[in-house]
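Survey of secondary and tertiary structure
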Amino acid sequence: MLRLIANVFNKSPASVKRYILTQAFKTLPKVIRVSRRIPLLNPFAGIIIENHTPFQLLSLSRTTRLSYVSEGMYTGRIIYINGPIPVTELGLQCSGESRERCELLYSTKIKGILNELENNIYNLNLKSPPESRFMRAFIHEYVHWMILRGTSLATLVDALSWKERLDLIYLLEKFHRFTGFPRENGGNGIGRNETFNELKKLENAVREFSKNPDHVEVFRDFLTHHLFLRGFYSSIIGIVVEPVTWVLVEPEFVNRRDEYLRIYFQDDALRKYATEILNLSEDFLNKGGNKGKLVEIAKTSLDIPLNLVDRYRLEIGLHHLPEEIKKRFELGLKGEYIETSTNEEKRLTTVLHYILYERYEVNAKVIRLLSEIIAEEPEVFDYLASRFASLVSLASQRTYENATVFTRVCWDGNCEILRYDPLAEPTLSREEGGMRGVHVKRTNREFGTLEDLVGDLPLTMRTAFEILYLLSLGEQDEVLEKGRVLMGDEFKRYCEVIKELKELISTEDPNKSVAGEILDLSSFDEYHFELFLKLWLYLVLRLGRALNKLSGLHGMFF
């Protein structure tokens, strides 16, 4: 049919596909919005789409460690248990089995655990922690998920996460085309002197790439979304999610509250809010309050109407929003009415509308390029076309209705991250092959995520920014701790490269830093972009494929 249409209009099949995809991306949010009577969410779009980021975010972004415990983390969408966990601890028989087979066994196991927790979470006796490292970490992160699930802030986290990922997909595709830099981050990395030689060869191409105003604009857009995601929203979520979780399932944390509050909340104001919520929660349960009711109160405090968030942005100041969260929590404990967001604001339709909002020029650029890429990939195009109706149906659900669980599991001497993702189930049947049979020609890999259309590097750019930012703030210990947890056998070399990078960005002026210059969005230009690209390439060249271990997950991650 496509070939027939192409012949009639004297166009190539690829150009017809590009047109169809572009129209589909534009039409999808409109179709969903009309069928579900969802209004155009101007206040929501306005929360992020602006020319600068309030500088209060820059201080908040370093003060809350939502994922400090190295055993596991919750990203806002994904429960991630780092482990590594032996398959025997999960009761799986994977010896001699393929990854795909073991992942099916893992998914069945996780479904059972989730079902058991949903029915018994409030009856668990956790005065003594579970012997299983997996269950100890899993229960902690599961309670995080329970609290945030189905709130407006969960929707915001999802929208911001997709936005930064799409921005990076755009940038890396443009970068590969312009510079010819390899899409696959292979090998073990190269030596320091060789790295400098390679950077010298790339210098002119990087400079010319960074001069393109479209590239600068999209990178600024990524930074804006990332700072909101990492800094502000993770901070205001943390002051509720962490202390309530501790009271429910972490007696050790409650008994050593001063120590853990200092670890998790370095900012005095945020630590004060978290302390008050911890004390209020503990008092509520000591007086006979219901655990399920406490979770609902915490959830309601985070389920802020999006127009109220916009009012804080425009009139009051976003840095005052944590105080509003605490007040909402207190009102909930008193049984008073609290306004929450509408059901429409908490569905995936809101996320789709935000990331595909075509009147925002950055979105339009990304949609055009993504359409062009998919049009050249017949298997991906056919797969997405066949799943279009399922995607529309899926979009009417609330975000994070079911838990997504990733775990680093080891068997037969190897460790793999196994995934249970119910969000993909309506559009993916792994038993029948699913996406595992969809081949991406340009990157020679199976289609699992949108990043597979571009290569290994999109999310490494996010990681590089995080490392540079933390090093410039003097948070070298945190950078090394993340590497210790995630790098495995590559940790020693990672430490060496981080030391080199710290030397490269050091300055005699304590009031200036490389990341500080990049963060100043009010003056961000091609110079800052070029500076960042060179430092990112240094990490890519020195660490090789080991850097992929730090690529991160969807949501509030690093």
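Residues numbered from 1 in each chain as written. Predicted model: local features only at pLDDT ≥ 70, side-chain atom pairs only at ≥ 80, totals over all residues. Heavy atoms only, no water.

Within the protein chain one finds 24 helices and six strands. Relative to its full complement of 558 residues, the protein chain shows a buried share of 56%. A fraction of 79% describes how many contacts in the protein chain between residues 6 or more apart in sequence connect residues 24 or more apart. Accessible area for the protein chain stands at about 23800 Å²; split by element, carbon and sulfur atoms hold 48% of it. (Helix = DSSP H or I, 4+ residues; strand = E, 2+ residues; numbered from the N terminus. Buried < 20%, exposed > 50% of the residue type's maximum accessible area, 1.4 Å probe, protein only. Contact = heavy atoms within 4.5 Å. Areas by Shrake-Rupley, 256 points an atom, 1.4 Å probe, with all protein chains shown as cover.)

Ordered by their spatial adjacency, four strands build an open sheet running β1-β2-β3-β4, and the pairing between neighbours is mixed. Either end of the sheet is taken by a strand with one partner, and the two such strands are β1 (72–74) and β4 (414–420). Each neighbouring strand pair of the sheet contributes to a mean axis angle of 15°, computed without reference to strand direction. Note: β1 against strand β2 (residues 78–86), three bridges, orientation antiparallel. When the bridges of β2 are listed, Gly72 appears paired with Ile81. Contacts from helix α6 (residues 133–148) reach β1, β2 and β3 (404–411) within the one sheet, and its direction differs from that of β2 by about 180°. (Pairing = 2+ DSSP bridges. Axes fitted to C-alpha atoms, helices over the stretch in contact; angles between N-to-C directions.)

One pass over the structure, following the stated rule, counts 21 aromatic pairs. The interplanar angle of 35° and the centroid separation of 4.9 Å between the aromatic rings of Phe219 and Phe529 together place this pair among those described as tilted. Of this pair, Phe219 sits in helix α9 (residues 213–249) while Phe529 sits in helix α24 (residues 526–543), placing them 310 residues apart in sequence. With respect to class, Phe219 is no different from Phe529; both count as buried. (Phe/Tyr/Trp six-rings, centres within 6.5 Å; stacked < 30°, edge-to-face > 60°.)

Counting residues in each nonpolar core, the largest one holds 81 residues, and the members touching the most others are Phe219, Leu453, Met461, Ile467, Tyr494 and Trp536. With 11 residues, the single largest contributor to this core is α24. Within the second largest apolar cluster, 78 residues are counted, among which are Leu156, Ile236, Ile237 and Ile325. (Core = buried A, V, L, I, M, F, W, Y, C linked by side-chain atoms within 4.5 Å.)

This next bit is on the confidence of the model for the protein chain. On average, residues of the protein chain carry a pLDDT of 79, and 77% of them reach 70 or more. This stretch, residues 4–9, has a pLDDT under 50; its non-local contacts, to residues over four places away or in other chains, come to five contacts. Ignoring residues within four places in sequence, the model shows residues 426–434, a span with pLDDT below 50, making 15 contacts including any to other chains. (pLDDT = per-residue confidence, 0-100.)

Turning to the packing of helix α13 (residues 291–302) against helix α15 (residues 321–333), a few remarks are in order. Running from N to C, α13 and α15 cross one another at 145°; their axes reach a closest spacing of 8 Å. As α13 runs across α15, the sense of the crossing is right-handed. Within the contact between the two elements, α13 uses Leu294, Ile297, Ala298, Thr300, Ser301 and Leu302 and α15 uses Ile325, Arg328, Phe329, Gly332 and Leu333. Taken together, the residues of the contact of α13 with α15 break down into seven nonpolar, three polar and one charged. (Left-handed = near helix turned anticlockwise from the far one by under 90°. Nonpolar A, V, L, I, M, F, W, Y, C, P; charged D, E, K, R; others polar.)

Bringing the pattern of salt bridges into the picture now. According to the stated counting rule, one finds 40 salt bridges in the structure shown. The salt bridge involving Glu323 is made with Lys326; its shortest N-O contact spans 3.9 Å. Of this pair, Glu323 and Lys326 both sit in helix α15, three residues apart, roughly one helical turn. It is possible to trace a salt-bridge network through shared partners that takes in Glu173, Arg177, Arg183, Glu372, Glu377 and Arg442. (Salt bridge = Lys/Arg side-chain N within 4 Å of Asp/Glu carboxyl O.)

Right, let's get into the state of the cysteines. Going through the model one piece at a time under the given rule, you end up with two disulfides. Two residues, Cys94 and Cys102, share a disulfide whose sulfurs are 1.9 Å apart. Disulfide Cys94 to Cys102: torsion about the S-S bond roughly 80°, handedness right-handed. Assessed through its relative accessible area of 1%, Cys94 is described here as buried. Given a relative accessible area of 0%, Cys102 falls into the buried group. (Disulfide = S-S within 2.5 Å.)

Turning next to α6. Helix length check: α6, at 16 residues, gives a terminal C-alpha distance of 23 Å against a target of 22 Å (1.5 Å per residue), a fit within 8%. Between a side-chain oxygen at the N-terminus of α6 and the backbone nitrogen of Phe134 the separation is 3.3 Å; the capping residue is Ser132. Following α6 by one or two positions, Gly150 adopts a phi angle in the positive range, close to 70°. (Expected span 1.5 Å × (residues − 1). Polar contact = N/O pair within 3.5 Å; in protein donor to acceptor, adjacent residues only side chain to side chain.)

Running from amino to carboxyl end, helix α20 (residues 458–472) crosses helix α21 (residues 476–486) at an angle of 145°, the nearest separation of the two axes being 7 Å. Facing α20, whose interface residues are Ile467, Leu470 and Leu471, α21 presents Gln476, Glu478 and Val479. A class-by-class count of the residues in the contact of α20 with α21 yields four nonpolar, one polar and one charged.

Most peptide bonds are trans, and most residues other than glycine sit at a negative phi. Notably, Asp412 is not glycine yet its phi reads approximately 50°, a positive angle. Here Asp412 shows up in the loop between β3 and β4. Phi is positive for Asn444, close to 55°, though the residue is something other than glycine.

Turning next to the pairing of β3. Where burial is concerned, most of β3 is hidden: eight out of the eight residues are buried. Looking at chain direction, β3 and β4 are connected through seven bridges and run antiparallel. By the bridge assignment, Thr407 is partnered in β4 with Leu418. Linkage of β3 to β4, two consecutive antiparallel strands, is achieved through a turn of two residues, within which Asp412 is found at a positive phi near 50°.

Further remarks concern the environment of Leu369. In this fold, Leu369 is placed in helix α17 (residues 361–375). Residues Leu369 and Glu173, 196 residues apart in the sequence, show an inter-C-alpha distance of 8.5 Å. Dropping the residues within four chain positions of it, Leu369 is found in contact with Tyr170, Glu173, Lys174 and Arg177.

The next subject is the environment of Tyr527. You can see Tyr527 is positioned in helix α24. By relative accessible area, Tyr527 is classed as partly exposed at 46%. Put simply, Tyr527 and Ser210 are 317 residues apart on the chain and 7.6 Å apart in space, counted from C-alpha to C-alpha.

Among the secondary structure elements, Tyr170 is positioned in helix α7 (residues 152–179). Each C-alpha atom, one on Tyr170 and one on Val362, is 9.8 Å from the other, the two residues being 192 residues apart in sequence.

Okay, the side chain of Glu500 next. Here Glu500 is to be found in helix α22 (residues 491–505). Relative accessible area serves as the criterion here: at 11%, Glu500 is assigned to the buried category. Setting aside residues up to four positions removed in sequence, Glu500 forms contacts with Arg192, Tyr538 and Arg542.

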